[in-house]
Amino acid sequence: MDILINVFPDEKVLDGLTFEKVSLKCGTGRSNTFNTPNGKKTSYRHGVMTGIGDIEVSVWMQIVECLIKKANEIELYNNMLEWVTDTMKWSENESERRKYALELHAARIFDNPEWVDYIAFNTKYRTEVLI
C-alpha cells in the first residue's frame, strides 16, 4: 500500500503549490463528442476543482503525491491509506481508496478536531498531536 510517486519531469511545476491550493473542492466532468470515419465517438474526462482550477484526476493525484513526498509525509499518507482501507469497507476498488486518501491528506483532515475520526486516527498514528 505504499505511495506511488510519479515525479514530474520538471519539478518546478510544483513551486508555489500547497496542499491548500490543490485541496479538492468538488469533482468535475466533461463529456466530449467527436466525429470519426466510423461515426460519432464519445469520451468522458473526470477532474477535480481546486483552488488553482480544474485538474484531470490522474494529474491531480500525481501533484498531491509529489507534495506529500516534498513535505516528507509519505508515512502519514500511508497511514491515511491504511485508515481508509480499514474503514471504507464498501469500496473494493484500490484506486478509489487511494484517491480518497489523497483527498483527505490534501484537506489535512488529520489536523481537524472536527473530523469524526480525529481522535481515533490520531490515537493510532499520531499520539503526539493529542497531548
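Everything below is about the structure printed above this text.
In this text, all values refer to a predicted model and were calculated from it rather than measured experimentally.

The rules behind these values
Residue positions are counted from 1 within each chain, in the order its sequence is given. Selection of residues for local features in this predicted model requires a pLDDT of at least 70, selection of side-chain atom pairs for listing and counting requires 80 or more, and totals for whole chains, interfaces and linings are taken over all residues. To get the side-chain values, take all heavy atoms of the structure and skip hydrogens and water. For our purposes a nonpolar core is just a set of buried Ala, Val, Leu, Ile, Met, Phe, Trp, Tyr and Cys residues, chained together by side-chain atoms within 4.5 Å. Classification of residues uses two cut-offs on accessible area relative to the type maximum, computed with a 1.4 Å probe and protein chains only: under 20% is buried, over 50% is exposed, and between them is partly exposed. Put simply, DSSP H or I for four residues or longer makes a helix, DSSP E for two residues or longer makes a strand, and each gets a number counted from the N terminus. Residue contacts follow a heavy-atom distance rule, with two residues in contact if any of their heavy atoms lie within 4.5 Å. Pairing of aromatic side chains here covers Phe, Tyr and the six-membered ring of Trp, requires ring centres within 6.5 Å, and sorts the geometry by plane angle: under 30 degrees stacked, over 60 edge-to-face, intermediate tilted. A strand pair is defined by DSSP finding two or more bridges across the two strands.

J.: Just give me the short version of the nonpolar core, but keep the residues and values in it.
T.: Ranked by internal contacts, the top residues of the largest apolar core, which has 31 residues, are Trp-60, Val-64, Met-80, Trp-115 and Phe-121. Element by element, the count of residues in this core is highest for helix H2 (residues 57-70), at eight residues. Residues contacting Met-80, with those up to four places away along its chain left out, are Ala-101, Leu-104, Ile-109, Phe-110, Trp-115 and Phe-121.

J.: An account of the side chain of Glu-73 is needed here, citing residue identities and associated values.
T.: Summarising the element assignment, Glu-73 is placed in the loop between H2 and helix H3 (74-87). Beyond its immediate sequence surroundings of up to four residues, Glu-73 is in contact with Phe-19, Ile-68, His-105 and Arg-108.

J.: Outline the packing of aromatic side chains, supporting the account with residue identities and numerical values.
T.: Inspection of the entire model under this criterion finds four aromatic pairs. With a centroid separation of 6.3 Å and an interplanar angle of 80°, the aromatic rings of Trp-83 and Tyr-125 are classed as edge-to-face. One end of the pair, Trp-83, is in helix H3; the other, Tyr-125, is in helix H5 (residues 118-125), and 42 residues separate them in sequence. Owing to a relative accessible area of 12%, Trp-83 belongs among the buried residues under this scheme. Considering the side-chain rings of Trp-115 and Phe-121, the 5.6 Å spacing of their centres and the 55° angle between planes classify their relative orientation as tilted. Exposure remark for Phe-121: the relative accessible area of 0% places this residue in the buried category. Three or more aromatic residues joined by ring pairs form one cluster here, namely Trp-83, Trp-115, Phe-121 and Tyr-125.

J.: Describe the pairing of strand S3 (residues 53-56), with residues and values.
T.: As paired elements, strand S2 (residues 39-50) and S3 share four bridges and run antiparallel to each other. Paired with Val-48 across the bridge in S3 is Ile-55. What sits between S2 and S3 in their antiparallel hairpin is a turn of two residues.

J.: Please provide a residue-by-residue account of the pairing of S2, values included.
T.: Sheet topology note: the strand S1 (residues 26-36)/S2 ladder contains eleven bridges and is antiparallel. Counted as the bridge partner of Thr-36 is Gly-39 from S2. In this antiparallel pair of consecutive strands, S1 and S2, the connection spans two residues.

J.: Describe the environment of Leu-76, with residues and values.
T.: Looking at where Leu-76 falls in the secondary structure, it is placed in helix H3. Here the alpha-carbon distance between Leu-76 and Tyr-125, two residues 49 residues apart in the chain, equals 8.0 Å.

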